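Commentary on secondary and tertiary structure
Each chain, letter by letter, is given below.
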Amino acid sequence: MRKQHIFSKVSSILILMTTMLSFAIFSCDDDDFRIIPEPQENQVISSVEPSFGDIGSMITIIGVNFSPVPSNNRVSFNGIRASVSSATKTELKVTVPEGATTGPISVGKIITVEGPVFSIVSAPQITEVNVIGAAVGETIIISGANFGATISDNTVSFNGTEAEIVSASNTEIIVIVPEGATTGPLTVEVMGQIGTLEVFNIAPEIISFNPESGIANDEITITGTNFNTDPNINNVSFNGVLATVISATTTELVVSVPADASTGKIAVEIESLLATSENDFITVPSIEAFTPEVGASGIEITITGANFSTTPGDNTVSFNGVSAVVTQSTTTSITTSVPDGSETGPITVEVNGQLATSTNDFMVDNSIVTITIPINDVNDDVEEAEDGRMLLESGDLELGEFDTFSTPDVGLQKIGLRFNNIVIPIGATIQEAKIIFVADQTEGANPTEMTIFGENIGNASPYTEDIGNLSARSLTTANSVWNIPEWIGTDTPIDDRTTVDISSIINEIITRGDWANGNSLNFIFQATGVSAGATENNVGREAETYDIDNPQEGAQLLITYMIN
């Protein structure tokens, strides 16, 4: 029994050794021996999109049985290994590798599957354009590399607008800037590959402007194409005079008409590219002032304003309808003379059919004018007592008379008369001036003397009840002494109740720097000479004061002046 067991064990060992020997002999005799892995599903490449491209392009390989793990897919372009970016069983995203040449694409890690030919096509390169910008319709030359050898191989676009190609070679394309082209990228496309120049400037175009005429500082809207959105890049000029651009879009500019602008074309310049309007912008003249404001025939007048013609004869100037001769002119100034036969009225300037009219009238001299200004307020004819008390609503005015009306006595008073809204043209000469009173009573033919002064100020303020309000006012150097004759009759102003001429007083005031039309004049009467020491109330004269119920009884100022 034991022998049989030993035999069985030996037999097993012999069989094992024989098997191992046979395996060793087989291995030595057959160099192609290898372990065969489990069979795989066949990979298939059905298409490549696109079928051409440049180094670095991303392409898509479409097929079946790819590994969804990118690194498990070995892809080559004509033998050059490529990088797989993403993978599914039916699609691989691959970047064309450096060194790749035209040839088949292959896929496979163990079993290689060869696909269609992929063509290496270098992207076009724009190295130079013969101009930095151009207008629509102009021909430009694009230089570079990898262009198509024929016209049909190339597509050239200006910011998306396709252009007409005149000629083409691998290194040069000649094109016409198309209608509708705008500033932006310039592109050349060859077999789906695109070369780009980031910015090519298209010349601006002025389509219209509104309004079509205006004066300095008016806002004008210019409509067109290819303007710059930065206001400072758009150089806008009116007949050569640079304007301020207020706002800008690619199709609209809002600008301010410059002060020195004259009639002519509007121009827009951007990056040395110029657009000029088809029509002229008409500058409308305007009159701001003229000096002097009054004058005689033949006197020289300077008119200031805007948009005058620099050619004197192109400015038509009239004084209230009478034509004048222009001797000198700039865009802002005209020198002329007052024509014979002209009368007071507006000045007009006409340039290129556009008319400007002065706001104020030019006053022709040699005109004698008399104006009457009555007291028009109950507080504008006043008395000041000897002790300084102010009587603003007295029923009469005591001229050189001692007043015992109240306790204490009013005494010998000063008289104040304030006249309002005096309109006298600047430069006028006062020929005569006087004040007329209405008598309150006729008693008293005694000699009476009053000296008349003016308040030395350009615009007299109203009287107040403050003590000494009348005495505190400064007096003019000019004065007039009035020896008052006996008054006869009452109620109506007549010659014997009219003062002496006080024109020198008014001339002194209206030549002050603070005088202006519409100001008020104040006259102050003081007892002098025989009236300086009056102590009785039956001497002197009494005049009516302004009464709202009888306004005609108030004093009146008459002024006669001549415009110089």
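A brief structural summary.

What counts as what
- Residues numbered from 1 in each chain as written.
- Predicted model: local features only at pLDDT ≥ 70, side-chain atom pairs only at ≥ 80, totals over all residues.
- Heavy atoms only, no water.
- Phe/Tyr/Trp six-rings, centres within 6.5 Å; stacked < 30°, edge-to-face > 60°.
- Helix = DSSP H or I, 4+ residues; strand = E, 2+ residues; numbered from the N terminus.
- Buried < 20%, exposed > 50% of the residue type's maximum accessible area, 1.4 Å probe, protein only.
- Arc of directions from axis to C-beta.
- Pairing = 2+ DSSP bridges.
- Axes fitted to C-alpha atoms, helices over the stretch in contact; angles between N-to-C directions.

For the rest of this paragraph, the subject is the packing of aromatic side chains. Counted under the stated rule, the structure contains 10 aromatic pairs. Consider the rings of F77 and F118, whose centres lie 5.3 Å apart with planes at 85 degrees: the pair is edge-to-face. Linking F77 in strand β4 (residues 75-77) with F118 in strand β8 (residues 113-120), this pair joins segments that are 41 residues apart in sequence. Comparing F77 with F118 shows no difference in burial state: the two are buried. Here W482 and F525 contribute two aromatic rings whose centre-to-centre distance is 6.5 Å and whose plane-to-plane angle is 65 degrees, an arrangement assigned as edge-to-face. Linking W482 in strand β46 (residues 475-484) with F525 in strand β47 (residues 519-527), this pair joins segments that are 43 residues apart in sequence. With relative accessibility at 0%, the residue F525 sits in the buried group. A connected cluster of aromatic rings, assembled from ring pairs, spans F209, F238 and F281.

When we look at burial in helix α2 (residues 503-510), the residues that qualify are S503, I505, I506, I509 and I510. Projected down its long axis, α2 carries its buried residues within an arc of 155 degrees, all on one side.

Burial along strand β11 (residues 139-145) is one-sided: I140, I142 and G144 are buried, while T139, I141, S143 and A145, pointing the other way, are not. As paired strands, strand β9 (residues 125-129) and β11 are joined by four bridges and run antiparallel to one another. Of the residues in β11, the one forming a bridge with I126 is G144. In the sheet, β11 pairs with strand β15 (residues 172-176) via five bridges, with the strands oriented antiparallel. Bridge pairing in β15 links T139 to I176.

The next subject is the sheet that holds strand β24 (residues 252-256). With antiparallel pairing, four strands are arranged side by side in an open sheet as β18-β20-β24-β23. Of all strands in the sheet, those with a lone pairing partner are β18 (205-210) and β23 (244-248), marking the two edges. Across the sheet, the mean angle from the axis of one strand to that of its neighbour is 30 degrees, orientation sign disregarded. Strand direction decides the pairing type here: β18 and strand β20 (residues 219-225), joined by five bridges, are antiparallel. By the bridge assignment for β20, E205 is matched with T225.

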